[in-house]
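Chain by chain, the residues:
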Amino acid sequence: MKIVTYNVNGIKARLPRLLEYLDEQQPDVVCLQELKASDETFPIADIRAAGYGAVWHGQKSWNGVAVLAKGADPVERQRGLAGETEDDHSRYLEAEVATDFGGVVIASLYLPNGNPLPGPKFDYKLRWIDRLAARARALLAEERAVVLAGDYNVIPNDDDTYSVRAMASDALMQPESRAGFRALVAQGWTDALRTRHPKGGVWTFWDYQAGAWPRDAGFRIDHLLLSPIAADRLADAGVDKDYRGREKASDHAPTWAMLR
DNA sequence: ATGCCTAAGCCCCTTAGA
């Protein structure tokens, strides 16, 4: 089964691209981020017409995450992360999707960008990683197939960016951001892309600015972390890079893992 | 050090993204 994470950067502006992607790739599960739409304006009718069920956690203008499943309705398990009652960002949605191997737990997450730094946005990012890690630990304890998929806004290694120098002062690459991500992975998760492409050099994001796409000046910030039971089924992982080059594209490309 | 480019809101410029 093909499980995808795709930061659409506006579901309304990206709907033609998304429907085209569903039609052409027929992914089994798609985690969306940056809907930039309220719950009421999520285009569920179009998604259903394409053959997908969905759960979503919207927010006007910013953030927003969803889980789509082909020919099935994902069953919501949790929205939002514990630990900060005043946090009203829609950045985490967890659901269960039925499979022929007993079902898979899917989380669609949109980790805070954290720029500028230092400052409250960076502090929020670091706290959010820790809150995610707490949830992740509980999920591992269930000893099931789990996939934590989303835009982590973390460049894990130096070979995950076209230029260490250009990104050195960015929140995506700070030692604290990396340490948080590394601590999460070290709980026992498998970074699907990294496992299949251990030498790096695989990008999931290309900035709209300064000709980043034609220069192939990208980096890897969209990740799929697999629990041990899910990792046992990992057959391949990659990026559907082609969609970044199409008309009215998101600045992220769909990033996927194939489970047997 | 800054703009580059895009989406959305609300009202044509500002905020935010990465």
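Since the structure is predicted, the reported quantities are computational estimates derived from the model, not experimental observations.

We now examine the overall build of chain A. Within chain A one finds seven helices and 14 strands. Its C-alpha radius of gyration of 17 Å places chain A within 12% of the 18 Å reference for a compact globule of 260 residues. Each of the three principal axes of chain A carries a C-alpha extent, and together these read 45 × 45 × 40 Å. Within chain A, counting contacts between residues at least 6 apart in sequence, those at least 24 apart form 68% of the total.

Per the UniProt annotation, the sites labelled "site: Important for catalytic activity" (unreviewed entry) are D222. The topology assignment puts D222 in strand β12 (residues 222-226). A residue is classified by how much of its surface remains accessible, and D222, at 0% relative accessible area, is buried. Side chain to side chain, D222 and T204 meet in a polar contact 2.7 Å long.

Turning to the sheet that holds strand β14 (residues 255-259), a few remarks are in order. Here six strands make up an open sheet; going across it, the order is β3-β4-β2-β1-β14-β13 and the pairing mixed. Taken across any chain shown, the strands that pair with only one partner, and hence form the sheet edges, are β3 (52-57) and β13 (234-239). Ignoring which end each strand starts from, the neighbouring axes of this sheet average 15 degrees apart. Relative to β14, strand β1 (residues 2-7) runs antiparallel, the two sharing four bridges. Its bridge partner lying in β14, K2 is registered against M258. Sheet contacts for helix α1 (residues 11-25): β1, β2 (29-33), β3 and β4 (65-70); angle to β1, the most-contacted strand, approximately 160 degrees.

In the vicinity of DNA strand B, 26 residues are found, and the nearest of them are E34, S61, N113, Q209 and F219. Within the side chain of R14, an N or O atom sits 3.3 Å from a phosphate oxygen of DNA strand B. E34 places a polar side-chain atom, nitrogen or oxygen, 2.8 Å from a phosphate oxygen of DNA strand B. It is α1 that contributes the most residues to the surface near DNA strand B, three residues altogether. Of the residues assigned to the surface near DNA strand B, the class counts are nine nonpolar, eight polar and nine charged.

Thresholds, definitions, all that
- Residues numbered from 1 in each chain as written.
- Chains lettered and ligands numbered in written order.
- Predicted model: local features only at pLDDT ≥ 70, side-chain atom pairs only at ≥ 80, totals over all residues.
- Heavy atoms only, no water.
- Helix = DSSP H or I, 4+ residues; strand = E, 2+ residues; numbered from the N terminus.
- Rg over C-alpha atoms; globule rule 2.2 N^0.38 Å.
- Contact = heavy atoms within 4.5 Å.
- UniProt positions renumbered as here; feature names shortened; annotations may be inferred.
- Buried < 20%, exposed > 50% of the residue type's maximum accessible area, 1.4 Å probe, protein only.
- Polar contact = N/O pair within 3.5 Å; in protein donor to acceptor, adjacent residues only side chain to side chain.
- Pairing = 2+ DSSP bridges.
- Axes fitted to C-alpha atoms, helices over the stretch in contact; angles between N-to-C directions.
- Near = heavy atom within 4 Å.
- Nonpolar A, V, L, I, M, F, W, Y, C, P; charged D, E, K, R; others polar.

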